[in-house]
Structure formats: structure tokens, C-alpha cells
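Coordinate analysis (summary)
Letter by letter, the chains look like this.
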Amino acid sequence: MEAVKTTAEGTKIQTKAVKAFGAAAADAQLQQMSIQRRTPTPHDVEIEILYCGVCHSDLHTARNEWHGTIYPCVPGHEIVGRVVSVGSHVTKFKPGDMAAVGCLVDSCRECEYCKEGLEQYCEPGHTQTYNAPDKHLGKQTFGGYSESIVVTEGFVLRVPENLDLAAVAPLLCAGITTYSPLKHWNVGPGKKVGIVGIGGLGHMGVKLAKAMGAEVIVFTTSPSKVADAKRLGADDVVLSTDEAQMAKYAGKLHFVIDAVSAAHNINAYLNLLRIDGSLALVGAPEHPLKVEAFSLIPYRRSFAGSMIGGIAETQEMLDFCGKHNIVSDIEMINIQQINEAYERLLKGDVKYRFVINMASLKK
């Protein structure tokens, strides 16, 4: 071990090598590597990672498709594991506890948004779980495709005891990404909610909106997903390529979550909104979407965006899922299958989220 820095309390930060899986370059396959993790400082929680979900953001970042990736890159921000050690000032966790880490591992904690519990909108910029400046070691953060992770206590979450741990992992991104806008736009009984796209995000949107008491209508281009959308809880499923089916809900919906990341006609979904209805985009299409003025003006409609949630809201989401027995639909893989999983993810060949059994990293 080597001391690399000193904390505010005067404690020297030590590091240790742990196994991980990551990319050495944009065009490189992910492979096993060794990375440095800090040993817990007084406010830190060290977690042995048991499961890590695979998000499309992992693929984009590993392949530098959003630009700015620092290599080596170790993705993964849907983390569930077991606490193995804690710092001397930690009060909320103890060794043996189950814990989770999502997309954030730190923020400034001082700006107005952080003080409001909106760390995801931190003004100076939050610290993402991977490929972000590491305040402690001075390099980049490394994510959950690894044996363990060390995170400051305030950004560690509790896992409901009644839920399957592996299927909880995607809640840390896909779950909170859909829960946050549903909560912000007051979805509940008496509201008609549209979910556009049934994938990792969309399938969670259906489950959560239904549990909140809304009437849920799914919009998909795939006839093969009609039955599955109803299994997930949809009250109705509309083939968006069928003009007659789309016309049935024109001007009828209070809220729409658009989870599509490919190019599509956003106006077709804005026109489903009633007066004062809102559409929140949570998918991230590569190219700009063309919004027609008269898709918004005549009905005082709103077109918005939304991203994850703050730490308190993410814990609220986990507790809500525990109360309603909600988890992700997953396919378990070993870490050695991650490159194949990325190729399948590009084809939409997963229902609905890959989760890595991190025990496979020890082989």
C-alpha cells in the first residue's frame, strides 16, 4: 500500500489493488485488469460488489461514443454488495450490511441544489461513479465491474431486505431514471401515463407508474412486445406505427415518459398530451429531435428532460420498490460475457437488463 493523499482529518489515504474488468481504449474489448482503490477513510464505506447491472451508458462510455472517456475505463453504476469495512466516523452502515451505489459517488454538497437533495444537478458538477475526476486519488473514478468499491457514507444506499439482490441492481439507474420524473410530475391515481419504448428504462417505467396508481399505456413499434408489456402491468398497448391506435389517445394523456434513444418522431407523442400535459425525455437519441411549434402551443404542453435522482430520492425509490415488490427483469451473466452482452445490447437482445454476477471475477 502507498499513501497518496491526506484527508481533512489528517488521515493518510492508502490504496490497494483490486481486480476489475475494463477497456484500455475505445476500440478495445473489455478485459480483466488491476485498479487502485482507496482504503476507507473515516467517512467511507467499503463494499464487496456482488452484482452490477449493465447500462447502455456503460457501452457508450467504454467506446468513447460520448467523447471524453479516460482510459483505462471501468464502467458500472448499478451496484449491489456487502459492506466489508467502514471508517471510524460512519454511523449508518456496519460490516455485513447489504448496500447499493448508483450513478453518483460524491458532489460539492454545498450548492443550493445539493442542499435541496438534488445532487444530480450539483452546480460545480457531481462525481459520477466512473470516468469522473476522483477527489480522493486525483485520477478518474472506476465503476462496478470490479471486486469492490469505496464510497463516502452519504452516497451509499440501503437495500430492502425482501428484494432479490441481483434484480435490485438496475434500480440504481433504470429505476431512479424513471421514478424521478414520475414523482416530479405527480403521477398517481386518475392520471393517464404513456411509456414510450419497452427496454431497460421503459419496463421499469411501466412497473413504477402502475404501482403509483396511474393508468398506463405503452407505445411500442414491436408487435412482439405487446403481450410482455401487458405482463409488466400496462393497461393498454399501442403500436405506434398504427395511426388509428395512436389517434385513440390523441390529447388524452397527462404525462409521457419517452425512453427511446434512437431517432423518432417526437411530435407523435407530444400530440398525445392533454392540456398542460408534459413529456419527459429520458432516452438519449444521438441526433437532435425536431419539435414542431404546434405540437406544444395549442395545448400549453411541456417538453422536458430528466436524469436520475438525488440520494434521498434514490433511497425513496428503493423503499417504494421494497414496499411494492418491484425489481427489474434481468438476465444474469458472468463478467467474461460482457463483450458479448454489449453486442446484444446494441441489438436490443435482452429482457430487460443484463446483471453481472461479480463472483465470476474471482475465477
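Quick summary incoming for the structure in this document. Computed from a prediction, not measured in an experiment: that's the story for all the values here.

Moving on, we come to the packing of helix H4 (residues 174-184) against helix H5 (residues 202-211). Axis separation between H4 and H5 bottoms out at 9 Å; the angle between their running directions is 45°. Looking at the two axes, H4 sits oblique to H5. Seen along the crossing, H4 lies across H5 with a hand that is right-handed. When H4 is examined against H5, the residues Ala-174, Gly-175, Thr-178, Tyr-179 and Leu-182 are found in contact with a partner set consisting of Met-204, Gly-205, Leu-208 and Ala-209.

Where H4 contacts helix H9 (residues 311-324), the two axes come as close as 10 Å, and the packing angle between them is 100°. Between H4 and H9, the angle falls in the class roughly perpendicular. Here H4 contributes Gly-175, Ile-176, Tyr-179, Ser-180 and Lys-183 to the contact with H9, which in turn contributes Glu-313, Thr-314, Glu-316, Met-317 and Phe-320. Here the residues of the contact of H4 with H9 sort into 4 nonpolar, 3 polar and 3 charged.

Of note, Glu-46 is situated in strand S4 (residues 44-53). Taking the relative accessible area as the measure of exposure, Glu-46 reaches 8% and is therefore buried. Distance from Glu-46 to Val-86, taken between C-alpha atoms, is 6.1 Å for residues 40 residues apart in sequence. Within the structure, Glu-46 has its side chain in polar contact with the side chain of Lys-16 (distance 2.7 Å). Here the side chain of Glu-46 touches Ser-85 through a polar contact of 2.6 Å, side chain to side chain.

Core analysis: the biggest nonpolar cluster contains 92 residues, and Tyr-145, Val-168, Leu-182 and Ile-338 have the highest contact counts within it. By residue number, the principal contributor to this core is S4, which donates 6 residues. When residues no more than four places from it in sequence are discounted, the contact partners of Ile-338 are Phe-21, Leu-30, Val-54, Tyr-145, Ile-333 and Ile-356. Ranked by size, the runner-up nonpolar core spans 14 residues in total, among them Phe-219, Ile-266, Tyr-269 and Leu-270.

This part takes up the packing of aromatic side chains. Under the definition given, this model contains 4 aromatic pairs. Ring geometry for Phe-219 against Tyr-269: centres 6.1 Å apart, planes inclined by 75°, an arrangement best described as edge-to-face. One end of the pair, Phe-219, is in strand S12 (residues 215-220); the other, Tyr-269, is in helix H8 (residues 266-270), and 50 residues separate them in sequence. Pairwise contacts between aromatic rings join Phe-219, Tyr-249 and Tyr-269 into one cluster. In this structure, Arg-158 packs its charged tip against the face of Phe-93, placed 4.6 Å from the ring centre.

It is worth spelling out the side chain of Thr-127 at this point. The topology assignment puts Thr-127 in strand S8 (residues 127-128). Given a relative accessible area of 6%, Thr-127 falls into the buried group.

What follows deals with the pattern of salt bridges. According to the stated counting rule, one finds 20 salt bridges in the structure shown. Between Asp-106 and Arg-109 there is a salt bridge; the shortest N-O distance is 2.8 Å. Arg-109 gets classed as partly exposed once you look at its relative accessible area, which sits at 45%.

So, on to unusual backbone geometry. For residues that are not glycine, phi is negative in most cases, and the peptide bond is trans in most cases. Residue Pro-72 is bonded to the preceding Tyr-71 through a cis peptide linkage, with omega at 0°. Turning to its location among the elements, Pro-72 is positioned in the loop between helix H1 (56-62) and strand S5 (79-86). In this chain, Lys-351 is followed by Tyr-352 through a cis amide linkage whose omega measures -10°. Checked against the element boundaries, Tyr-352 lands in the loop between helix H10 (338-346) and strand S18 (353-357).

Thresholds, definitions, all that
Each residue is numbered by its place in its chain's sequence as written, counting from 1. The predicted origin of the model limits local features to residues at a pLDDT of at least 70 and limits the giving and counting of side-chain atom pairs to 80 or more, whereas totals for whole chains, interfaces and linings rest on all residues. The side-chain numbers reported here are obtained from all heavy atoms of the structure, hydrogens and water having been left aside. Axis geometry follows a simple rule: fit a line to the C-alpha atoms, using only the stretch in contact for helices, then measure angles between N-to-C directions, giving values from 0 to 180 degrees. Helix and strand labels come from DSSP, where a helix needs a run of H or I of at least four residues and a strand needs a run of E of at least two; each type is numbered from the N terminus. For classification, angles of less than 35 degrees are called roughly parallel, those exceeding 145 degrees roughly antiparallel, those between 65 and 115 degrees roughly perpendicular, and all remaining angles oblique. For a crossing to be left-handed, the near helix must be turned anticlockwise from the far one by less than a right angle; the clockwise case is right-handed. Any two residues whose heavy atoms approach within 4.5 Å are treated as being in contact. Each residue receives one of three labels: charged for Asp, Glu, Lys and Arg, nonpolar for Ala, Val, Leu, Ile, Met, Phe, Trp, Tyr, Cys and Pro, and polar for the others, Gly being one of them. Note on classification: 1.4 Å probe, protein chains only; a residue is buried when its accessible area is under 20% of the maximum for its type, exposed when over 50%, partly exposed between these limits. N or O atoms closer than or at 3.5 Å make up a polar contact, with two conditions inside protein: a donor-capable atom paired with an acceptor-capable one, and, for residues adjacent in sequence, both atoms drawn from side chains. As used here, the term nonpolar core means buried Ala, Val, Leu, Ile, Met, Phe, Trp, Tyr and Cys residues forming a set that is joined through side-chain atoms within 4.5 Å. Put simply, two rings from Phe, Tyr or Trp (the six-membered ring, in Trp's case) pair if the centres are within 6.5 Å, and we call them stacked under 30 degrees between planes, edge-to-face over 60, tilted for the rest. For a Lys NZ or an Arg CZ to count as sitting over a ring, it must be within 6 Å of the ring centre and within 35 degrees of the ring normal. One speaks of a salt bridge when a side-chain nitrogen belonging to Lys or Arg is within 4 Å of a carboxyl oxygen belonging to Asp or Glu.

On their own, these measurements won't tell you what the molecule is for.
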